[in-house]
Amino acid sequence: MERIRIVGGSALNGTIPISGAKNAALPLMIASILTPEPLVLENVPRLRDVNLLGRILGNHGVDMAIAGKRAGQSETTGQVMTLTARDIVDTTAPYDLVSQMRASFWVLGPLLARCGKAKVSLPGGCAIGTRPVDLHLMGLRALGASIDIENGYALAEAPRGLKGATISFPKVSVGATHNVLMAAVLARGTTVLENAAREPEIGDVAACLNKMGANITGIGTETLVIEGVDALHGARHAVLPDRIETGTYAMAVAMTGGDVQLEGARAGLLESALDVLRGSGVTITENNSGIRVARNGAGLQPVDVTTAPFPAFPTDLQAQLMALMCRAEGTSHITETIFENRFMHVQELARLGADISLNGEMATIRGVKRLTGAPVMATDLRASVSLVIAGLVAEGETTISRIYHLDRGFEQLEQKLGNCGATIERLAS
Ligand code: EPZ
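These remarks concern the structure in this document. (Residues numbered from 1 in each chain as written. Predicted model: local features only at pLDDT ≥ 70, side-chain atom pairs only at ≥ 80, totals over all residues. Heavy atoms only, no water.)

As a further point, take the packing of helix 8 (residues 243–256) against helix 12 (residues 381–391). Each pair of packed helices can be described by the angle between their axes along with the distance between the axes. One can describe the packing of helix 8 onto helix 12 by two numbers: an axis separation of 9 Å at closest approach and a directional angle of 25°. Taken together, the axes of helix 8 and helix 12 are roughly parallel relative to one another. Our pair here, helix 8 against helix 12, has a crossing hand that is right-handed. Contact residues: I244, T248, M251, A252 and M255 in helix 8; R382, V385, I389 and A390 in helix 12. Looking at side-chain class alone, the contact of helix 8 with helix 12 contains seven nonpolar, one polar and one charged residues. (Axes fitted to C-alpha atoms, helices over the stretch in contact; angles between N-to-C directions. Helix = DSSP H or I, 4+ residues; strand = E, 2+ residues; numbered from the N terminus. Parallel < 35°, antiparallel > 145°, perpendicular 65-115°, else oblique. Left-handed = near helix turned anticlockwise from the far one by under 90°. Contact = heavy atoms within 4.5 Å. Nonpolar A, V, L, I, M, F, W, Y, C, P; charged D, E, K, R; others polar.)

Written as structure tokens, this is what we have:
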């Protein structure tokens, strides 16, 4: 099994290109189900999850083609992917595929809208929490689908098509918003989604759907209004930059010290996280081509942060911030309100010398003078990268195993950090 080896102690200096957002690319790929015409996506990151979803969509009959690299393009230039769902040949998404990637459950809405039926495995729990799908089912039922749960599958039918409705989500859910939004674009009449998720990736998908002929207004607000249309057509859309990758590298630079340009990053996508870093003493400036992050000499100030839906501090940066605060000059508090079990990194960070205690959903992090390298284990995507951030300043050698988690969501991680001076390499076993 591959591992990542890091020798801590080098400051990061240089430029890190920011990739297209995984969490936008995945639902954008799924949106291809909604039309028989080609959907061309630019700036798609090269990630395990993207490849896996390609296989899942292939099972439904979606043809996926990736354009070859052109002269002058680097390893990190996003891919151009063409997805064509001329005929949906199978409306079943089986357990062995859905259980590998939860986002594949989001095919339920589009399959229902296009084919009037779908059989999609329930995803089950995962390392970061129970992650139910009741809100997805509630929204699709409100659009007129009948859905039974049998043998671990959601069996959904809408033989006479879906019908617009007003749906008020009792809790903000990114996935339920994507799923119901993609179904509602082809429903008859008007759908209003209240308390919809406002994450930028939702806006990116809605903008792409509009290019495909949908009629969605309220993008970026908590109320989305969708006037159903009879059919969607092909379109071309560039995936927005990954705000979580941006925040992760900003925290890495904050940790090691140095000066790095995050090329292609957009500050507006992660203001709350950048504010936290500024409050901690990191210099962050926006420029024409991205964001520049610098910390020279001064220590990090502790923070008090609570995760919440966008525009608040994202749960997907919680682990990385916790790693950073291990080296702050004082005690930080981080409260996780989205996923009840998203603290798997705490015990691994402790192996590097961190002093963190947990009380329910709040972690108390007492800054320490030094971290020391050790073998650690990745437990989920964002937890894994928090270990990388800690490893970058830990004295000596840190080796991280189970790095397939990292490959799900970070493109060219070792290259991007290595090019800025980190001592980091992938070991074959
Ligand atoms: C998306 O997951 C992201 N995944 C997650 O990123 C991210 O952490 C999460 O949103 C929150 O921002 C993708 O975009 C592919 P939710 P999702 O539905 O949609 C509860 C990463 O590392 N809930 O917004 O599954 C749920 O249990 C991943 O890239 C219900 O109760 O998250 C949670 O407490 C990890 N019922 C809260 O809502 C439901 O039907 C928010 O979950 C659905 C969700």
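Taken as a whole and judged by the stated rule, the model has 16 salt bridges. Linking E425 and R5 is a salt bridge whose minimum nitrogen-to-oxygen distance equals 2.8 Å. You can see E425 sitting in strand 24 (residues 423–427) and its partner R5 sitting in strand 1 (residues 3–7), a full 420 residues away along the chain. In this structure R5 comes out as partly exposed when scored by relative accessible area, which is 21%. Among the salt bridges present, the one from R370 reaches E395, with a minimum N-O distance of 2.9 Å. Taken as a pair, R370 in the loop between strand 21 (362–366) and strand 22 (375–377) and E395 in the loop between helix 12 and strand 23 (397–401) lie far apart in primary sequence, 25 residues in all. The class of R370 is partly exposed, set by a relative accessible area of 48%. In this structure E395 comes out as partly exposed when scored by relative accessible area, which is 41%. Bridged by salt links that share partners, the residues E2, D407, E414 and R426 form one connected network. (Salt bridge = Lys/Arg side-chain N within 4 Å of Asp/Glu carboxyl O. Buried < 20%, exposed > 50% of the residue type's maximum accessible area, 1.4 Å probe, protein only.)

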